[in-house]
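Below, each chain spelled out in residue letters.
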Amino acid sequence: MPELPEVEVTRLGLLQSLPGRRVKKIVCGGKRLRTPLPRALLALHILAGRIVAIDRRAKYLLFRMDNGSVLLIHLGMTGKLGLIPSAEPCAVHDHLRLQLDNNMDLRYNDSRRFGSIMVWPPTEARQMENAFSARLGVEPFSRRFNTRYLRERGRSKKQAVKNFLMDARMIAGIGNIYANEILFGAGIHPLSPVNTISDGEWKRIIHSTRRVLTRAIRAGGSTISDFLGSSGNPGYFQLHFMVYDRAGKQCRRCSTPIGKCIVGGRATYFCPTCQPAGQTI
Ligand code: ZN
């Protein structure tokens, strides 16, 4: 499932050649995604428009058009965006195809169809974006992601810190893989109750979050050209995980076998030595 780094890697890859391009033709597949494809809005606001910028908010990509409208794409579980020569036949599971003015297509492929595609019309885009953004947690690279924010939001919560990090209303874009890696980097047990985390520990979590995400984005970034090809292998598979999916294997730092438990229904990995359990839930 794409997490923040994979979405950011997609954005960085598309940024190299998409801004400035005009959408000449739009072809929608016959199947619905998590929500039906907004065919009428695509034809009305995206067709014939020029893409001027690509932003990311949480795990959404925002394609800003010269007419003020925004094309919003969420990759769901298996969604992929690729720039592919228009002459190449469509693949199975290609659900949206934007034909551009340079004989390339922006294609959205999604085998499990949990992704979603939306359009914000020019007159309502700003208002819709504000409402959308207000429902999401802070961006991990923003200044609002700080000790005070985490302390205040976590003060009355007894849940495991790992679940708190994965709560999209608190922090945007951290899924299971990176929550495990972040807590290892911070030396904090994933079951520690949120209301027992000290300011010093929040600082370590903030630092580890940015370091882990930056490293993941860089790892993906080095394979952007593959990533964007139709045969692309996303770069994040090359990541060297410290704990994720390593139950029973030696900790890369101290050689203790990595432990595994289930937290909030999700597989959770930790090093019992590097992440000592103080008080846990
Ligand atoms: Zn260790």
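Every chain begins its residue count from 1, and numbering advances along the sequence as written. Local features in a predicted model are, by the rule used here, given only for residues with pLDDT of at least 70; side-chain atom pairs are given and counted only at 80 or more, and totals for whole chains, interfaces and linings are based on all residues. Side-chain measures were taken over the full set of non-hydrogen atoms in the model, leaving aside hydrogen atoms and water.

**Student:** Give me the pairing of strand β5 (residues 79–85): which residues, what numbers.
**Tutor:** A regular strand places its side chains so that they alternate between the two faces of the sheet. Buried residues dominate β5, accounting for five of its seven residues. At least two DSSP bridges between two strands are required for those strands to pair. Every helix listed is a DSSP run of H or I at least four residues long, and every strand listed is a run of E at least two residues long, numbered separately from the N terminus. Here β5 pairs with strand β7 (residues 104–110) via seven bridges, running antiparallel. Looking at the pairing, Ile-84 lines up with Asp-105 of β7. Only protein chains enter the area calculation, which uses a 1.4 Å probe; residues under 20% of their type maximum are buried, those over 50% are exposed, and those in between are partly exposed.

**Student:** Quick rundown of the sheet that holds strand β2 (residues 51–57)? Include the residues and the values.
**Tutor:** Hydrogen bonding along the main chain pairs the strands of a sheet, whether they run parallel or antiparallel. The sheet built from four strands is open, its strands ordered β2-β3-β4-β8 with antiparallel pairing. At either margin of the open sheet sits one strand with a lone partner, and together these are β2 and β8 (116–120). Along the sheet, successive strands turn relative to each other by an average axial angle of 20°, direction set aside. Strand direction decides the pairing type here: strand β3 (residues 60–65) and strand β4 (residues 70–74), joined by five bridges, are antiparallel. Counterpart to Leu-61 in the pairing with β4 is Ile-73. Set on the sheet, helix α1 (residues 4–15) makes contact with β2 and β3; between it and β2 the angle comes to about 170°. Throughout, a contact is declared for two residues whenever any of their heavy atoms are within 4.5 Å. For helices, the fitted axis covers only the stretch in contact; all axes are lines through C-alpha atoms, and the angles between them, taken along N-to-C directions, range from 0 to 180 degrees. Contacting β3, β4 and β8, helix α2 (residues 39–46) crosses the sheet at an angle of about 50° to β8.

**Student:** How would you summarise the packing of aromatic side chains if you had to cite specific residues and measurements?
**Tutor:** Each Phe, Tyr or Trp ring, with Trp reduced to its six-membered ring, pairs with another whose centre is within 6.5 Å; inter-plane angles below 30 degrees give stacked pairs, above 60 give edge-to-face pairs, and intermediate values give tilted ones. This model, assessed by the stated rule, comprises five aromatic pairs. Connected via pairs of aromatic rings, a cluster forms that spans Tyr-60, Trp-120 and Phe-132.

**Student:** So, the coordination of the zinc ion: which residues are in play, and what are the values?
**Tutor:** The zinc ion binds to the protein through Cys-251 (SG), Cys-254 (SG), Cys-271 (SG) and Cys-274 (SG); the donor distances cover 2.2 to 2.3 Å. Mapped onto the sequence, the donors of the zinc ion take the spacing C-x2-C-x16-C-x2-C. Here Cys-251, found in the loop between α8 (224–228) and β9 (259–263), pairs with Cys-274, found in the segment after β10 (266–270); they are 23 residues apart in sequence, far enough to count as distant. You'll find Cys-251 and Cys-274 in the same group, each marked buried. For Na, K and Ca the donor cut-off is 3.2 Å, while for other metals it is 2.8 Å, and in both cases only N, O and S atoms qualify; water is not among them, so sites may look incomplete.

**Student:** Give me the lowdown on the nonpolar core, citing residues and values where you can.
**Tutor:** The tendency in soluble globular proteins is for nonpolar side chains to be buried as a group. For the purposes of this section, nonpolar cores are sets of buried Ala, Val, Leu, Ile, Met, Phe, Trp, Tyr and Cys residues that join through side-chain atoms within 4.5 Å. Of all hydrophobic cores here, the largest spans 29 residues; its most connected members are Leu-150, Val-161, Tyr-178, Trp-202 and Ile-205. For this core, the secondary-structure elements that each account for two or more residues are α1, α4 (147–154), α5 (161–165), α6 (176–186) and α7 (199–221). Element by element, the count of residues in this core is highest for α7, at seven residues. When residues no more than four places from it in sequence are discounted, the contact partners of Trp-202 are Thr-147, Leu-150, Arg-151, Val-161, Phe-164, Val-194 and Ile-197. Ranked by size, the runner-up nonpolar core spans 25 residues in total, among them Val-23, Ile-51, Leu-61 and Leu-96.

**Student:** Quick rundown of the environment of Ala-87? Include the residues and the values.
**Tutor:** Mapping Ala-87 onto the fold places it in the loop between β5 and β6 (94–100). With a relative accessible area of 78%, Ala-87 lands in the exposed category. Put simply, Ala-87 and Met-242 are 155 residues apart on the chain and 42 Å apart in space, counted from C-alpha to C-alpha.

**Student:** How would you summarise the side chain of His-95 if you had to cite specific residues and measurements?
**Tutor:** Tracing the sequence through the fold places His-95 in strand β6. Exposure remark for His-95: the relative accessible area of 5% places this residue in the buried category. Under this definition, polar contacts are N or O atom pairs within 3.5 Å; protein pairs additionally need one hydrogen-donor-capable and one acceptor-capable atom, and for neighbouring residues in sequence, both atoms have to be side-chain atoms. Of the polar contacts made by the side chain of His-95, one reaches the backbone oxygen of His-93; its length is 3.3 Å. If we skip the residues at most four places from it in the chain, His-95 touches Val-27, Cys-28, Gly-29, Lys-31, Leu-33, Leu-37, Tyr-108, Asp-110 and Arg-113.

**Student:** Before we move on, could you go through the pairing of β3 and cite the residues and values that matter?
**Tutor:** Of all six residues in β3, five are buried; the element is thus mostly enclosed. Where β2 meets β3, six bridges bridge the pair, whose relative direction is antiparallel. Across the sheet, residue Arg-57 finds its bridge partner in β3, namely Tyr-60. What sits between β2 and β3 in their antiparallel hairpin is a turn of two residues, with Ala-58 showing a positive phi close to 55°. Counting the residues in the hairpin turn of β3 and β4 gives four residues, including Gly-68, whose phi is positive at 95°.

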